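Coordinates in review
Residue strings, one per chain:
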Amino acid sequence: VRAPHLFGYVKEIDRSIRKNLENKSFYELGDLVGWSGLEKQYESFLMGKRGTYFYEVNASGREVGPASELEDTRPSPGDNIQTTIDLSLQIYCEKLMSNKKGVILLGEPNSGGILAAVSSPDYPPDFFTGLITESEWENIKNNPDKPLMNRYIQGKYIPGSIVKMITQITLLSSDQFNKDTKQYCPGFYQFGDRIFGCWYTEGHGDLSLNEAIAASCDVFFYKTIKQTKLQDLYESFKKFGFGSKTKIDIPNEAIGLVPNKKYMVKRYGKYGWSQGVLLNLAIGQGELLVTPMQVLNYVNLLATKGLSPNCHFVFVDNLPPNSHPVLKNEIWNNIHEGLRAAIVSKIGTGKKADIDVEGFELYGKTGTAENSHGDDHAWFVGWADYQDKKY
């Protein structure tokens, strides 16, 4: 197993490092301190206590034996921590991501525990042990694939269609919306003087809400989101933890971005943006940015109808509180029906993910997100119900 972004590494303390430590009195020059990942997050548990041995020396500085009047203190190791990681799953996921760029996160919605976490490409776990040559450091630091970046907490990505369930929730929470009313998709939608295309340019035809989730139709959401306000959609995103840290137990987590009216006015001026922003956000495009860890938390909340605890890597007694969105049960059921249809329906964009295992029910959503730096990003999110558990 590698998982260098998760486990992190330690650093030897010099004067400049010691000067900036919060508990500097605990450390001497030359000690090791956790510098990233779990090593940093759980430093106070892992560090242990140094021991002291007293020796007598003669006038020339030569050691002559133990100092009998001073009592030695034995060193004590730090505490052990137990992670939620399943070793075989972690190794399997790392193999899947070999020579690929991206992220895999696998967890248990009912507990919030993370079973496997891969950010690829990564770096050798022993890279920061011993001396690093300047050329080695420059090579890894300037690598365009950014192996040092932990993509699952620091990567900020446009989510695309995987957040259409947020739009679905916003619509279902409105009295003006009827989930059984079908909308016609000709493959595009004209809004003012702009044409908004559907990913399926031939058009989906008439679709209900659940069919629109299954087929990931963009036009359905362009047409229906106009019944709501930007602030309503913004509030739905915030309820599921987007635009905030998940409080995952490794440091340096990014926040991402959920735009609202105030943000758009500040960035583009009062007249520099239009209601078209709402249409883009409804299908997970535009200024919206999410981290994969936020997405895992969001899927956990969907799977558990808002009850999932916080995502975490280490078994602890007290987890930070998670956001717990409260929705009518019929809305939760509608979401589950749509995500099941995405896997089992003829028009489902996730039907390739279905597997024939008795008692295994998969719920999922695909997404394609535009990427200004190259190829589009591909997403798959979902959960499986199997043997009374969720994964």
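None of these values were measured; they are calculated from a predicted model.

Per the counting criterion, the structure on display carries nine salt bridges. One salt bridge in this structure joins Arg-2 and Asp-122, with 2.9 Å as the shortest N-O distance. Here the residue Arg-2 occupies a position in the segment before α1 (4–7), and Asp-122 occupies one in the loop between β6 (114–120) and α6 (134–141), the gap between them amounting to 120 residues. A residue is classified by how much of its surface remains accessible, and Asp-122, at 23% relative accessible area, is partly exposed.

Its boundaries defined by the atoms lining it, the second largest pocket holds a volume of some 490 Å³. Mapped by element, the contributors of at least two residues to the lining of the second largest pocket are β9 (194–197), α10 (218–225) and β11 (361–369). Per-element tally for the lining of the second largest pocket: the top contributor is β11, with four residues. Partitioned by chemical class, the residues of the lining of the second largest pocket number seven nonpolar, 11 polar and five charged.

What follows is about empty space enclosed by the protein. According to the stated counting rule, one finds one cavity of 30 Å³ or more in the structure shown. Volume-wise, the largest cavity comes out at about 60 Å³. Lining the largest cavity are Ala-3, Pro-4, His-5, Leu-6, Gln-90, Glu-94, Ala-117, Val-118, Ser-119, Asp-122 and Tyr-152. Those elements that place two or more of their residues in the lining of the largest cavity are α1, α5 (87–96) and β6. Split by residue class, the lining of the largest cavity holds six nonpolar, three polar and two charged.

Attention shifts here to unusual backbone geometry. The omega angle of the peptide bond from Ser-120 to Pro-121 is 5°, so this bond is cis rather than trans. Note on placement: Pro-121 falls in the loop between β6 and α6. In this model, Asn-252 sits at a positive phi of 70°, which is unusual for a non-glycine residue. A positive phi angle is found at Lys-305, which is not glycine, with a value near 55°. Here Lys-305 shows up in the loop between α14 (292–303) and α15 (329–344).

With that settled, consider the nonpolar core. Phe-221, Phe-240, Phe-242, Val-295, Tyr-298, Leu-302 and Ile-335 are the most contacted members of the largest nonpolar core, which totals 57 residues. With six residues, α14 is the largest single contributor of residues to this core. Apart from residues no more than four positions distant in its own chain, Leu-302 is found in contact with Met-165, Ile-169, Phe-240, Trp-332, Ile-335, His-336, Leu-339 and Trp-383. With 17 residues, the next largest nonpolar core counts Ala-3, Ala-117, Leu-296 and Cys-311 among its residues.

Conventions and cut-offs
Residues numbered from 1 in each chain as written. Predicted model: local features only at pLDDT ≥ 70, side-chain atom pairs only at ≥ 80, totals over all residues. Heavy atoms only, no water. Salt bridge = Lys/Arg side-chain N within 4 Å of Asp/Glu carboxyl O. Helix = DSSP H or I, 4+ residues; strand = E, 2+ residues; numbered from the N terminus. Buried < 20%, exposed > 50% of the residue type's maximum accessible area, 1.4 Å probe, protein only. 1 Å grid on protein atoms, 1.4 Å probe; cavity = no way out; pocket = protein on both sides within 12 Å on 5 of 7 lines; lining within 4 Å. Points joined across faces, edges and corners; volume = space filled by probe spheres on them. Nonpolar A, V, L, I, M, F, W, Y, C, P; charged D, E, K, R; others polar. Core = buried A, V, L, I, M, F, W, Y, C linked by side-chain atoms within 4.5 Å. Contact = heavy atoms within 4.5 Å.

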